[in-house]
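Here's the letter readout for the chains.
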Amino acid sequence: MPQPFYDADHSAFREVVREFVNREVAPNLDEWEEDRSTGRDVWKSAGAHGVLGIRIAEEFGGGGMQDYRFRCVVQEEFARVGAAALASAFSINEDIVASYLTTFGTPEQKKQWLPGMADGSVVASIAMSEPAAGSDLRGMKTTAVRDGDEWVLNGAKTFITSGFSSDLVLAAARTGEREGRPQLSLILVPTSTRGFARGRKLRKLGLHAQDTAEIAFDDVRVPMGNLVGEEGRGFHHLTAQLPLERLSIAWRALCAAEAALDWTIRYTSERKAFGERVIDFQNTRFRLAEMTTEVDITRTFLEQSILAYNDGSFDATLGAKAKWWTTELQNRVINACLQLHGGYGYMDEYPISRAYADARVQTIVGGTTEIMKEIIGRDLAGRHRA
Ligand SMILES: Cc1cc2nc3c(=O)[nH]c(=O)nc-3n(C[C@H](O)[C@H](O)[C@H](O)COP(=O)(O)OP(=O)(O)OC[C@H]3O[C@@H](n4cnc5c(N)ncnc54)[C@H](O)[C@@H]3O)c2cc1C
């Protein structure tokens, strides 16, 4: 028999998270969707309940739990109520920006920013994408130039999650060129800095409860000490951290597919047509059987991937496999689940409707399905190079 994925500590933590989600998240989802924002209260309350900052070291006010399964618990509980927008905004704080700071940050940077990220008073964004550079970051035009003891940033970014509301942006910028190839560096920019501007809050298909925005740097000056990691090694640092970002997206995709199946089994067990429950039609049972099988098999792979991440053996190719497979599965499953809801599936009062819109971006953010296949394909092709 396979070992259970979670142990008693995870179960105890789940109780805390479930209580938090039922009280502070689920009742507010509709209002956040209307407002196009969650506001700050839920961030601070998540910080106070230990649901935020769980991997940030205890000395900086976090939970100090490096075991990624605790993050898995949070994402499962958020998916259960369809809180995808908040889950992904939290993930940018936790799995991305806090993770960069923990791995590459200086002691001063950690001391300055991690406590706020753990207690919910600091919301962070990561700014890589630009109007003309998404998949191909070598096309990035934003520059950071040394001037005395400061960096001066100029350029524009787009599609930045929490870009309209964040306090801190971890920006990727060109800081030089070697052999015709741009060299990138990662630089912390507090959004209160002069010259930092927020552009449009972008209107989008789903994830309405979080903001996605354009931002711009116009002669933004920050101290030299805001460089995260090594100058010119930005690509390197991104390559080291992107597998975790992709694993977190894959895990959220799995949880969303599982939640959708759960809602659909319940709905089709109650809904009647032609005098029968919808779940008693052979087509419904076969579709549900196929999808549950695919989702269960995917869970096995992802649980192994999480354990590999915990023991340091998770790599870029595994990250690419997990991300493209699971996000494509999420979209297939949610599409079919919506179909089994009939017309009610298209109505916002049913969570499957929002889940459908929220799912679509998953095969695009954090690297598209096509780029994931490129990564896997390059790895395969490289194995037998003479
Ligand atoms: C809601 C949302 C939130 C986001 N949040 C953030 C954020 O917080 N921070 C951030 O930096 N970015 C963010 N992004 C940007 C996201 O990471 C990019 O959209 C993504 O990387 C794709 O880049 P692109 O949009 O420029 O598409 P393109 O790179 O222009 O791609 C267009 C199409 O071409 C395909 N393609 C590109 N290159 C190849 C290739 N070599 N082979 C085959 N096909 C290829 C792509 O797969 C895609 O289908 C967000 C995007 C969205 C929609």
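Here, the structure is the one placed above.
Everything numeric here is computed off the predicted structure, so don't read it as measured data.

Participant: Can you break down the pairing of strand β4 (residues 168-178) residue by residue, with the values?
Facilitator: Pairing of strand β1 (residues 124-127) with β4, which is carried by 4 bridges, proceeds in the parallel orientation. The residue of β4 that forms the bridge with S125 is V169. Where β4 meets strand β5 (residues 181-190), 10 bridges bridge the pair, whose relative direction is antiparallel. What sits directly across from G176, in β5, is Q183. In sequence, β4 turns back onto β5 through a hairpin of 2 residues, with E179 there showing a positive phi of about 50 degrees.

Participant: Can you tell me about the site of the ligand, naming the residues and giving the values?
Facilitator: Near the ligand there are 17 residues, and of these S129, S135, F159, T368 and E370 occur at the shortest range. A distance of 2.6 Å is found between an oxygen atom of the ligand and a side-chain nitrogen or oxygen belonging to S135. T161 is positioned with one of its side-chain polar atoms (N or O) 2.8 Å from a nitrogen atom of the ligand. Across the complex, the protein chains shield 64% of the 990 Å² of accessible surface that the ligand would expose by itself. Elements supplying a minimum of two residues to the shell around the ligand: β1, β3 (150-161) and α11 (369-383). A per-element tally of the shell around the ligand places β3 first, with 3 residues.

Participant: A description of the layout of surface pockets should follow, citing residues and the corresponding values.
Facilitator: Put simply, the second largest pocket is a space of about 420 Å³. Around the second largest pocket, the lining comprises 18 residues; the ones closest to its centre are H208, D348, S353, R354 and A357. Elements supplying a minimum of two residues to the lining of the second largest pocket: α2 (29-35) and α10 (351-359). With 5 residues, α10 is the largest single contributor of residues to the lining of the second largest pocket.

Participant: With reference to specific residues and values, describe helix α4 (residues 69-80).
Facilitator: Over its 12 residues, α4 extends 16 Å from the first C-alpha to the last, a length consistent with the 16 Å expected when each residue adds 1.5 Å. Among the 12 residues in α4, 11 count as buried, and that is most of the element. What α4 keeps buried is the set R69, F70, R71, C72, V73, V74, Q75, E76, E77, F78 and A79. If you follow the buried residues of α4, they end up packed against α1 (8-25), α5 (84-104), α7 (234-270) and α8 (282-310).

Participant: Which residues make up the side chain of E76, and what are the values?
Facilitator: Mapping E76 onto the fold places it in helix α4. According to the relative accessible area criterion, E76 is buried, its value standing at 11%. At a separation of 2.7 Å, a polar atom in the side chain of E76 contacts the side chain of Y6. Within the local environment of E76, its side chain forms a polar contact with the side chain of R14, the two groups lying 2.6 Å apart.

Criteria and thresholds
- Residues numbered from 1 in each chain as written.
- Predicted model: local features only at pLDDT ≥ 70, side-chain atom pairs only at ≥ 80, totals over all residues.
- Heavy atoms only, no water.
- Pairing = 2+ DSSP bridges.
- Helix = DSSP H or I, 4+ residues; strand = E, 2+ residues; numbered from the N terminus.
- Near = heavy atom within 4 Å.
- Polar contact = N/O pair within 3.5 Å; in protein donor to acceptor, adjacent residues only side chain to side chain.
- Areas by Shrake-Rupley, 256 points an atom, 1.4 Å probe, with all protein chains shown as cover.
- 1 Å grid on protein atoms, 1.4 Å probe; cavity = no way out; pocket = protein on both sides within 12 Å on 5 of 7 lines; lining within 4 Å.
- Points joined across faces, edges and corners; volume = space filled by probe spheres on them.
- Expected span 1.5 Å × (residues − 1).
- Buried < 20%, exposed > 50% of the residue type's maximum accessible area, 1.4 Å probe, protein only.
- Contact = heavy atoms within 4.5 Å.

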